Amino acid sequence: MIMFSARIKELRLDKQLSQADLAKAMSVNQRTISNWEKSVRQPDFETLAMLAEFFQVSTDYLLGLED
């Protein structure tokens, strides 16, 4: 899921959000965002859908299946 980790970080930085800001918006801990960005963990399906909606991209984009 390296593509996911890069995409989520890129999208977060494009919106000028800190990890803490994104964590608050997703109702998760800041360490969770850090773990996603380091490919230590991945979000569950529900959270993946919430991330796609938040960033206004498709889940396929987040997963690296489309550009």
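Please refer to the structure placed before this passage.
Residues numbered from 1 in each chain as written. Predicted model: local features only at pLDDT ≥ 70, side-chain atom pairs only at ≥ 80, totals over all residues. Heavy atoms only, no water.

Packing of helix H1 (residues 2-14) against helix H4 (residues 45-55) leaves a shortest axis separation of 11 Å and a crossing angle of 35°. Here H1 runs over H4; the crossing is left-handed. Within the contact between the two elements, H1 uses Phe 4, Ile 8, Leu 11 and Arg 12 and H4 uses Leu 48, Leu 51 and Phe 55. The residue makeup of the contact of H1 with H4, split by class, is six nonpolar, no polar and one charged. (Axes fitted to C-alpha atoms, helices over the stretch in contact; angles between N-to-C directions. Helix = DSSP H or I, 4+ residues; strand = E, 2+ residues; numbered from the N terminus. Left-handed = near helix turned anticlockwise from the far one by under 90°. Contact = heavy atoms within 4.5 Å. Nonpolar A, V, L, I, M, F, W, Y, C, P; charged D, E, K, R; others polar.)

Within the largest apolar cluster, 15 residues are counted, with the highest numbers of intra-cluster contacts made by Phe 4, Ile 8, Leu 22, Leu 51, Phe 55 and Leu 62. If you list the elements that add at least two residues to this core, you get H1, helix H2 (19-26), helix H3 (30-37), H4 and helix H5 (59-62). It is H4 that provides the largest number of residues to this core, a total of four residues. Excluding residues that lie within four positions of it along the chain, Leu 22 makes contacts with Ile 8, Arg 12, Ile 33, Leu 51, Phe 54 and Phe 55. (Core = buried A, V, L, I, M, F, W, Y, C linked by side-chain atoms within 4.5 Å. Buried < 20%, exposed > 50% of the residue type's maximum accessible area, 1.4 Å probe, protein only.)

Turning our eyes to something else, we now look at the environment of Lys 9. By the element assignment, Lys 9 lies in helix H1. The class for Lys 9 is partly exposed, based on a relative accessible area of 40%. Between the alpha carbons of Lys 9 and Arg 31 there is a distance of 13 Å; along the sequence they are 22 residues apart.

The subject of this paragraph is H2. Buried within H2 are the following residues: Gln 19, Leu 22, Ala 23 and Met 26. Seen end-on, H2 carries its buried residues on one side only, within an arc spanning 105°. Ser 27, located one to two residues past H2, shows a positive phi value of around 60°. (Arc of directions from axis to C-beta.)

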